[in-house]
Each structure stands twice: as structure tokens, then as C-alpha cells.
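One-letter residues, chain by chain:
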Amino acid sequence: MHSALLLASALECTAFAHPSPRPRARADPDCAPRTTTYISSALTSETSTVEWTYNGTSLDGPKVHPVNSTTFDWWYFDAVSSDLSSGDLSSVVITFYTASHEGFGALSNDTTILETSITGTLSDGTPFDFAKFPTEATVVTEGDGSAGVWGEGGTEWSSSPDLKHWIIKFNDPDDNVSGQMTFQTIAPAHLPCGALEVGATELLMPHIGWANAVPDALAQVNFDFNGTAPSFTGPGYHDKNWGDQPFLDSVGSWYWGHGHLGPYSIVWFDARDITGKEYFSSYVAKAGKILSGSCSNGSVIVRPWGGEDTYPPPMTTATPDGFIVTYGNVEGKEMVVNVTTATAAVEFSYVYDRWIGTLAGGFTDGSGNYTGVAQYEEFKV
Ligand SMILES: *[C@@H]1O[C@H](CO)[C@@H](O)[C@H](O)[C@H]1NC(C)=O
Ligand SMILES: *[C@@H]1O[C@H](CO)[C@@H](O)[C@H](O)[C@H]1NC(C)=O
Ligand SMILES: *[C@@H]1O[C@H](CO)[C@@H](O)[C@H](O)[C@H]1NC(C)=O
Ligand SMILES: *[C@@H]1O[C@H](CO)[C@@H](O)[C@H](O)[C@H]1NC(C)=O
Ligand SMILES: *[C@@H]1O[C@H](CO)[C@@H](O)[C@H](O)[C@H]1NC(C)=O
Ligand SMILES: *[C@@H]1O[C@H](CO)[C@@H](O)[C@H](O)[C@H]1NC(C)=O
Ligand SMILES: *[C@@H]1O[C@H](CO)[C@@H](O)[C@H](O)[C@H]1NC(C)=O
Ligand SMILES: *[C@@H]1O[C@H](CO)[C@@H](O)[C@H](O)[C@H]1NC(C)=O
């Protein structure tokens, strides 16, 4: 178990505040309270207790206690190359799952709730993917931050309690997969309806939780994937989703994505529940300030363009060429962003696609004309 090592180093609460971090005692008075959750891989039929409201701390902690064979809780981290328009198609996603196959059907192993996966694209756009199934995991929270250790091989993440600094490692030398990415967060965390406030809802739609600890970060990525070495800088991102019933019983479809457009950090969520009702979550930030953070109708609308551009998305393998993301109210102005797909990172049957692409957009009053890169996905279930 590597949690002791992690606690002594990576999640040291004052580590990032000091120029030369040194191990500190657990009783450090500067440290916020910690929680530690040990998780076994076993499928259980205990009733899960699920959090839907932010209480002022533990934004990035476990939300489902315990994860049983129909509930799920995961931590998602990604980065995409900022040089995409000059031909570097590199991207990476690392996800730490506590979820059963029944809770989240995309997971292949129906004997465990623990999985770490790494997927992405090499610089020429070739997709790669790899997964491991550890037998135990540990999650520690401190302040709003977290650290997680999945198995004994050094596949783990940790943050500073203020969410500013992150390190995410995937390490499996036996399979020739190893490396890490670091994030320096540049945009404030938020929840489906806006900024972190005590009592704010964490529900994106009925039965689906969402907490976005890192809407945008300066990511530095260095991996060795079986002899190829995806190595790049660009926008990084981290969130978590969870649910109290199987994903497929809750979600009808969703469009999600994030990117960096000129000086703006943007995140979009435009989703439908199982009845077809639409839910929205807008996020636009600049210089460390949230300019749009809302779940009201029209705060953000996402619609496909090109290729299969029917809305709601039909159950076919055809996909759109991109999306138009319209933020209804960014400090009183409408912002329209054209997301154009460069390549697919994951194509999973009819159900799921994840892409990387370019952004172009600005305000409909004619001000601003910005470009950028994005990583984004579609579920249709
Ligand atoms: C898991 O917990 C949820 C409550 O959050 C409950 O509704 C469900 O029946 C439980 N599932 C199993 C398989 O026990
Ligand atoms: C807030 O919720 C977390 C679990 O997410 C829990 O560990 C913590 O004790 C709670 N804090 C307060 C002040 O209620
Ligand atoms: C499923 O996970 C278990 C660990 O819980 C592992 O032993 C087994 O090899 C995994 N199955 C596959 C097909 O990877
Ligand atoms: C790891 O890489 C080496 C050198 O390229 C290769 O010989 C070996 O088969 C790889 N091992 C696995 C498990 O992919
Ligand atoms: C690495 O390459 C070897 C040889 O082509 C292959 O057998 C193995 O599955 C690859 N490993 C991964 C993690 O993709
Ligand atoms: C959102 O507003 C549009 C336009 O007024 C309306 O057609 C649509 O039904 C609304 N959606 C929801 C979920 O309220
Ligand atoms: C988005 O931009 C692409 C690339 O410039 C362009 O081909 C496409 O027509 C634009 N889409 C829309 C809906 O304006
Ligand atoms: C934005 O700038 C690009 C060149 O940088 C130009 O091709 C494009 O027409 C401009 N778009 C708008 C709406 O001004």
C-alpha cells in the first residue's frame, strides 16, 4: 500500500506553499482535516450513501459510500496539446474508477469495481488505450483537494488542498506504460450551477453528480506508451462524476467538453436525462474569475454540425464534424464557439465518442475573435 508514502510526500498539505517542501507531521496545525477512504475491489450489495450537496469542503473526495454493484464514482483527468492546429494531435485521459460493470457499462471487467485506464492519441493522432484492475485503492481528501492510489504500482494522483497543483501518474513498467502529467490550475473550481458555495447542488441531472475541481490548467505531459512518448503541453482538466443508480438508467445523451479559447477557459455540459429533458451547465472564466457559471436554460446550448448533425443524437456510429457551443450570458454578452474535430481519441460502439479539436469563436456583438483547442465527448444511450 503506497498511501503512507503518498501522505508523507505528495499530499503534504503545505508542500506547495513552501519553496523546499519537507515532510511534516500529520498534526500540522496548517493542515485542513483529512479523510481517508480505503476501497476494495469487491462488488457489494450494501446500500450506497450518496452526496448531492457541497458542504464547503472535500469537493474532490469520494461521493458514494460505499460504491455497490449499481452505483459509481470516478475521477477523470485529461490534457490536449495546444499545438493541435500545427499538427500535434497528442492527448491523454486517465480515469480512476470505482464502478461496477452494471453501474457503468463501459467498464469491461464485471468482477471488480476498481479500474485505472489510460487512453489518448499519439502526436500523429493514433489512438491508444490500456487498463489495469487493481485489488485495492485509497482516496485521501484534504481541504477541497484529494489524492488517490489505485493498486501498488504507483498509479496515483494528488493535489494541493487548494486545488492549484496536481500530479497524475500512470505507472506499469511490466506493460511498457509509464509517465505522468502535472497541472497548474488557472481557473476556479465550480459545480453544475456555478461557483463553490456551501449548500450548492452537485446534481447535473437527476441521479448524476458532477464536481469540476479543475476547469482549466497548464498541463505538462510526459508518457512512455510502449515505446512511443506522448510529450506535450496544453490545457488540462479534471472532474468527477458519480451516480446512485446505473448510468444507463439516468442519462439519455450528453455533450461535454472543455477548452482554452484566447484568454478564456470554457467548459460545457448540455445533457438529456432518460426522459429526454435537457440540462445545461455553462462555465467561462478569465484571469481567475468565473464570468459565466450557470445551470439555467440557455446558459449554454450545444448543437452538432456536419456529418451526423441530428439533435438529439440518434443511435448510429455516424458522428458530427463538430459542435456550436453558445454561451447565453458571459457578463451580458453572447459567446459563440465553433468546435471543429481534428481526430477521435475513443470511439465506443454507438454509445460514446471522445474527440480533440480546435476552437474558434468570440462574442456575437463582434468583439473578440479567438482560437484554441478542446477535448470533448458525446454519450448517446
Ligand atoms: C446501491 O445503493 C443504492 C442507494 O444509493 C440502492 O438504491 C441500490 O439498490 C444499491 N444496489 C445494490 C445492488 O445493492
Ligand atoms: C463534508 O462532506 C465530506 C464528505 O464529502 C465529509 O467528509 C465532511 O466531514 C463534511 N464536512 C462538514 C463540515 O460537514
Ligand atoms: C478483472 O479484474 C481482476 C482483479 O479484480 C483481475 O484479476 C482480472 O484479470 C481482470 N480481468 C480481465 C479480463 O482483465
Ligand atoms: C515492451 O517493450 C519491449 C521493447 O520494445 C518489447 O520487447 C516488449 O515486448 C514490450 N512488452 C510488452 C508487455 O508490451
Ligand atoms: C505493446 O506492444 C506489444 C508489441 O506490439 C504488444 O504486444 C502489447 O500489447 C503492447 N502493449 C500495450 C500496452 O499496448
Ligand atoms: C429551454 O428554452 C427553450 C426556448 O425557450 C425551450 O424550447 C425549451 O423547452 C427549454 N428547455 C427546458 C429544459 O426547459
Ligand atoms: C466551423 O468551422 C469550420 C472550420 O473553419 C467550418 O468548416 C464550419 O463550417 C464551421 N461550422 C459552423 C457551423 O459554422
Ligand atoms: C478571425 O480572425 C481570422 C484570422 O485570424 C479571420 O480569418 C476570421 O475571418 C476572423 N473572424 C471574424 C469573425 O472576425
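Everything that follows concerns the structure shown earlier in this document.
What follows concerns the site of ligand 4. Around ligand 4 sit Asp174, Asn176 and Asn226, and those are all the residues in its vicinity. Considered on its own, ligand 4 offers 360 Å² of accessible surface; in the complex 30% of this is hidden by protein.

Take the site of ligand 7 next. Around ligand 7, the neighbouring residues are Trp305, Ile324, Asn338 and Thr340. Between an oxygen atom of ligand 7 and a side-chain N or O atom of threonine 340, the distance comes to 3.4 Å. Surface burial for ligand 7 is 39%, taken as the share of its 360 Å² of free accessible area covered by protein chains. Among the residues making up the shell around ligand 7, the classes are represented as two nonpolar, two polar and no charged.

So, about the layout of surface pockets. Considering only enclosed or pocket space, the largest pocket measures out at about 660 Å³ in volume. Taken together, 33 residues make up the lining of the largest pocket; nearest its centre are Tyr97, Ser117, Thr119, Val346 and Tyr352. Of the residues assigned to the lining of the largest pocket, the class counts are 22 nonpolar, five polar and six charged. As a volume, the second largest pocket reaches approximately 190 Å³. If you go around the second largest pocket, you meet 16 residues; those closest to its centre are Tyr38, Ile39, Pro66, Val67 and Ile113. Secondary-structure elements contributing two or more residues to the lining of the second largest pocket are strand 1 (34-40), strand 3 (64-65) and strand 4 (72-80). The element that contributes the greatest number of residues to the lining of the second largest pocket is strand 1, accounting for four residues. Split by residue class, the lining of the second largest pocket holds nine nonpolar, five polar and two charged.

Below, the discussion takes up unusual backbone geometry. Residue proline 66 is reached from histidine 65 by a cis peptide bond, and omega for that bond is -20 degrees. Following the sequence through the fold, proline 66 ends up in the loop between strand 3 and strand 4. A cis amide bond links tyrosine 311 to the next residue, proline 312, at an omega of -5 degrees. Counting through the fold element by element, proline 312 comes out in the loop between strand 22 (300-307) and strand 23 (320-330). Within the chain, histidine 207 stands out as a residue other than glycine whose phi angle is a positive 75 degrees. Residue position: histidine 207 is located in the loop between strand 15 (203-205) and strand 16 (208-225). At serine 349, a residue that is not glycine, the phi angle is positive and equals roughly 50 degrees. As for its position among the elements, serine 349 is in the loop between strand 24 (333-348) and strand 25 (352-363).

Parameters at a glance
Residues numbered from 1 in each chain as written. Chains lettered and ligands numbered in written order. Predicted model: local features only at pLDDT ≥ 70, side-chain atom pairs only at ≥ 80, totals over all residues. Heavy atoms only, no water. Near = heavy atom within 4 Å. Areas by Shrake-Rupley, 256 points an atom, 1.4 Å probe, with all protein chains shown as cover. Polar contact = N/O pair within 3.5 Å; in protein donor to acceptor, adjacent residues only side chain to side chain. Nonpolar A, V, L, I, M, F, W, Y, C, P; charged D, E, K, R; others polar. 1 Å grid on protein atoms, 1.4 Å probe; cavity = no way out; pocket = protein on both sides within 12 Å on 5 of 7 lines; lining within 4 Å. Points joined across faces, edges and corners; volume = space filled by probe spheres on them. Helix = DSSP H or I, 4+ residues; strand = E, 2+ residues; numbered from the N terminus.

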